Amino acid sequence: MESLAQRAALLRESLQKSQQVTDAVVYILGSFDSRLSALDSAMRPIQARTHAVRTAHENIDRTLRSADVILTQFDRTREAEREIQKGPHENLQGFLDAVDRLRSIERFFSSNRSYRSSDGVLNHVNALLSKALVKMEGEFQNQLSQRSKPMEPDRLFDCLPSTLRPSSESQPEGGKNPSSENQQNLEAAVYSPPALIEPKFVPLLSKLAQQLVQAGCQQQCSEIYSEARASALESSLKNLGVEKLSKDEVQKMPWEILESKIGNWIHFMRIAVKLLFAGERQLCDQVFECSQSLRDKCFAAITKNSLATLLSFGEAIAMSKRSPEKLFVLLDMYEIMCELQTEIDTIFVGESCSQMRDSALSLTKCLAQTAQKTFSDFEEAVEKDATKNIHTDGTVHPLTSYVINYVKFLFDYQSTLKQLFQEFKKEDGTGSELAAVTMKIMQALQNNLDAKAKQYKDPALMHIFLMNNIHYIVKSVRRSEAKDLLGDDWIQRHRRIVQQNANQYRRIAWSKVLQCLSGQGLTSSGGSGQVGSEGGNSSGASRAAVKERFRSFNVLFEEIYQKQCSWSVPDTELRESLRLAVAEILLPAYRSFIKRFGPLIENSKAPGKYVKHTPEQVELLLGNLFEGKQERA
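Per an unreviewed UniProt entry, the protein is named Exocyst subunit Exo70 family protein, and its organism is Panicum miliaceum. Annotation of the protein in UniProt includes, under Sequence similarities (unreviewed entry), the sentence "Belongs to the EXO70 family." The UniProt entry for the protein carries the following comment under Function (unreviewed entry): "Component of the exocyst complex."

If you want it as structure tokens, here you go:
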């Protein structure tokens, strides 16, 4: 217990000492707190002064930076002013850069109106910009005037495919349609529009235009550009040979002159659309890259009069009096308009050019209508051709060769005609195709030939006339593309018509001669001797009757020979075939007659008076038939 009491006393003593230490520490800390409060009170004014100094330094730095920026803008203004004063002639790019700097300065001070100098600077900058604008307008006009030169024809020809250049031997002549192979080559040919202004000047013009547009001078810019380029375009077309002709002037021109002008017009249309108009569109797009509406507006203003001049000529032709010879040039014109229509729609894009697109399409349709009506007129004209002057030799009539050549030419336009007929296809899906039209024309020709044949008083010559003409038609068709279109049935049917007329001629022309060579009526049996019979005898035949038969044969043969030598079968093969057909019926009958009845007159007085021609001589004489000249037997 004592030990425990001692330990408790020691513990109590330790606790008392700890309390004393704690009280001492609390006292010390209390004295620190009062001292720190005093120190904080002493430092607070110093901290405030330090913060104020730092803020002042920051404000000074900011002010200096702003002043530096403003001074830089002043320097830029003075530099730009020097360039503006010098003008764009010496250094156009430097002038444009100066304008860009002024616009940048104007934007800077407009957004910093709090600066006391802002209003003054803005007034000065705007005055410089106004002065620059006037100078830019003048420079834009000056540059366009200097660079917008008319294109010489030789330069344009160099941009054409080789087949269309005037120096090319393969160039289609005016008004004549190229072959289908050449036409495909033309459609696949690449055209390279010329650089209407040297490429190095185009970016500068574009920048001038952009500056003018940004300044709100679209109208002045458009007028300056359109006037310069329209003048250059019209001069280029004039140098090429394009004439401004009224519709009355065109319609009063002689056909020979007009046909040549139509050929030139086709060439001009191709050059104008594919080279000049395409070049103008390309240049407009480059110069007015900043404004789509301005591009279309300027392009329309530039090309309006030139396109109208070209289309006006085409309209005058389409509305002129129709005639068969105009069909092919109408098809040529229709063909070129169809060829160019897609490009016209592409080049003359936008609302500003809508009327020009419509005018081109209207001409295409007008040409199609006129060509279609001319087709109908031609068919009717062939049917009703009232030419009364037929050839006395029964040769091929001029109408036949004219119509056949006409039809041959049509087949150079097969693709064009297919497109033309498509324009007038009926709603039920049927419509005139080239085959049907060709057959109608052929039938109209045949009807007319049948009517003309009736003018011949000699039935044999009438059949020679029909044979010649139908044979000419068939032969021409077989040698042309019409063969596939009209078909073998049509050819075979008309070949039979040729043969039928040849047979009719042979029957009508030589029946009386063959009757003279018949034994009928010469013998007592009254009919034992038939034409061409062999092995018969002349018993019972009257010498006087035989003499009369020989005399009649001579008269008839010489009369027919004399007449038919003047008849004409111009086709060599047909002529020989017809001579052979006559010889095949005449010579056997003549040989048989001489063999059978010749002995009766051999011993008579002057037998040569009756047997004037040997069979060999007759054969030689038949070789002179159908030469179209007078002969003596």
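Attention now moves to the overall build of the protein. For the protein, the helix and strand inventory stands at 21 helices and zero strands. Taken over 633 residues, the protein has a buried fraction of 43%. Considering only intrachain contacts with a sequence separation of at least 6, the fraction spanning at least 24 residues in the protein is 81%. Summed over all atoms, the accessible surface of the protein reaches about 34,000 Å², with 50% contributed by carbon and sulfur.

Our next topic: the packing of aromatic side chains. Overall, the coordinates contain 20 aromatic pairs when judged by the stated rule. For the pair phenylalanine 375 and phenylalanine 421, a centre-to-centre distance of 5.8 Å together with 45 degrees between the ring planes defines the contact as tilted. With phenylalanine 375 in helix H12 (residues 354-384) and phenylalanine 421 in helix H14 (residues 414-423), this pair connects stretches of sequence that are 46 residues apart. Pairing tyrosine 505 with phenylalanine 626 gives two aromatic rings, centres 5.7 Å apart and planes at 70 degrees, and the pair type is edge-to-face. Placement of tyrosine 505 in helix H17 (residues 482-516) and of phenylalanine 626 in the segment after helix H21 (615-622) is noted, with a sequence separation of 121 residues between them. Given a relative accessible area of 1%, phenylalanine 626 falls into the buried group.

Residues Asp412, Glu481, Asp484, Asp488 and Asp489 make up a contiguous surface patch of negative charge. With respect to the helices and strands, the residue aspartate 412 is situated in the loop between helix H13 (398-410) and H14.

Where helix H9 (residues 255-287) meets helix H10 (residues 292-318), the closest approach of the two axes is 11 Å, and the angle between their N-to-C directions is 170 degrees. The angle between the axes of H9 and H10 places the two elements in the roughly antiparallel class. Residue composition of the contact of H9 with H10, by class: 16 nonpolar, three polar and six charged.

This paragraph deals with the side chain of lysine 274. Mapping lysine 274 onto the fold places it in helix H9. Dropping the residues within four chain positions of it, lysine 274 is found in contact with Tyr191, Pro193, Glu339, Leu340 and Glu343.

In this section: the environment of glutamate 259. Within the secondary structure, glutamate 259 sits in helix H9. Along the primary structure glutamate 259 and glutamate 325 are separated by 66 residues, whereas in three dimensions their C-alpha atoms are 9.7 Å apart.

Right, let's talk about the environment of leucine 92 for a bit. With respect to the helices, strands and loops of the structure, leucine 92 is situated in helix H2 (residues 92-110). Leucine 92 gets classed as buried once you look at its relative accessible area, which sits at 9%. It is 9.3 Å that separates the C-alpha atoms of leucine 92 and leucine 208, two residues lying 116 residues apart in sequence. With residues up to four places along the chain from it excluded, the contact list for leucine 92 reads Glu139, Gln143, Leu204 and Leu208.

What follows covers a positive patch on the surface. Together, Lys408, Arg478, Arg479, Lys483 and Arg495 make up a region of like positive charge exposed at the surface. Note on placement: arginine 478 falls in helix H16 (residues 459-478). The exposure class assigned to arginine 478 is partly exposed, which follows from its relative accessible area of 45%.

The next subject is the side chain of serine 291. With respect to the helices and strands, serine 291 occurs in the loop between H9 and H10. Serine 291 sits in the buried class, given a relative accessible area of 14%. A distance of 3.2 Å separates a polar side-chain atom of serine 291 from the backbone nitrogen of leucine 294.

With that settled, consider a nonpolar patch on the surface. Taken together, the side chains of Val21, Val25, Tyr27, Ile28, Leu29 and Phe32 make up a nonpolar region of the molecular surface, amounting to roughly 630 Å² of accessible area. As for its placement among the helices and strands, phenylalanine 32 is situated in helix H1 (residues 2-86).

Turning next to the pattern of salt bridges. Within the structure shown, the criterion is met by 20 salt bridges. Salt-bridge contacts for lysine 274 lead to glutamate 339; the nearest nitrogen and oxygen are separated by 3.9 Å. Of this pair, lysine 274 sits in helix H9 while glutamate 339 sits in helix H11 (residues 327-347), and the two are 65 residues apart along the sequence. Among the charged side chains, a salt-bridge network with shared partners connects Arg270, Lys274, Glu339 and Glu343.

This part takes up the nonpolar core. One finds Phe140 and Trp510 to be the most contacted residues of the largest nonpolar core, which totals 178 residues. Take this core: its biggest share by element is 17 residues, from H9. Summarising the domain contributions, this core has at least three residues from each of domain 1 (1-114 + 125-147) and domain 2 (153-161 + 193-352). Discounting chain neighbours no more than four positions away, the residues touching phenylalanine 140 are Leu205, Leu208, Ala209, Leu212, Cys221, Ile224, Tyr225 and Phe288.

Under the criterion given, the structure shown has zero disulfides. This cysteine, cysteine 353, is not joined by any disulfide, and cysteine 284 carries the nearest cysteine sulfur, 9.0 Å off. On the basis of relative accessibility, which here comes to 0%, the residue cysteine 353 falls in the buried class.

Quick look at H21 now. Taken together, the buried positions of H21 are occupied by Pro615, Val618, Leu621 and Leu622. Along the long axis of H21, the arc covered by the buried residues comes to 120 degrees, so they all point the same way. Where H21 is buried, its residues contact H17, helix H18 (543-565) and helix H19 (572-597).

The predicted model of the protein has a mean per-residue pLDDT of 84, with 87% of residues at 70 or higher. This model gives residues 525-536 a pLDDT under 50, and the stretch forms 21 contacts once residues within four places in sequence are excluded.

Right, let's talk about helix H6 (residues 202-214) for a bit. In a regular helix each residue adds 1.5 Å, so 13 residues correspond to 18 Å; H6 covers 18 Å between its end C-alpha atoms and thus fits that length. Residues of H6 that are buried: Val202, Leu205, Ser206, Leu208, Ala209, Gln211, Leu212 and Val213. Looking one or two places after H6, you find glycine 216, whose phi comes out positive at around 85 degrees.

Conventions adopted
Residues numbered from 1 in each chain as written. Predicted model: local features only at pLDDT ≥ 70, side-chain atom pairs only at ≥ 80, totals over all residues. Heavy atoms only, no water. UniProt positions renumbered as here; feature names shortened; annotations may be inferred. Helix = DSSP H or I, 4+ residues; strand = E, 2+ residues; numbered from the N terminus. Buried < 20%, exposed > 50% of the residue type's maximum accessible area, 1.4 Å probe, protein only. Contact = heavy atoms within 4.5 Å. Areas by Shrake-Rupley, 256 points an atom, 1.4 Å probe, with all protein chains shown as cover. Phe/Tyr/Trp six-rings, centres within 6.5 Å; stacked < 30°, edge-to-face > 60°. Patch = residues over 30% accessible without salt bridge, like charges linked within 9 Å, V, L, I, M, F, W, Y side chains within 5 Å. Salt bridge = Lys/Arg side-chain N within 4 Å of Asp/Glu carboxyl O. Lys, Arg positive; Asp, Glu negative; His and termini not counted. Charge placed at Lys NZ, Arg CZ, Asp CG, Glu CD. Axes fitted to C-alpha atoms, helices over the stretch in contact; angles between N-to-C directions. Parallel < 35°, antiparallel > 145°, perpendicular 65-115°, else oblique. Nonpolar A, V, L, I, M, F, W, Y, C, P; charged D, E, K, R; others polar. Polar contact = N/O pair within 3.5 Å; in protein donor to acceptor, adjacent residues only side chain to side chain. Core = buried A, V, L, I, M, F, W, Y, C linked by side-chain atoms within 4.5 Å. Domains from an automatic or database assignment. Disulfide = S-S within 2.5 Å. Arc of directions from axis to C-beta. pLDDT = per-residue confidence, 0-100. Expected span 1.5 Å × (residues − 1).

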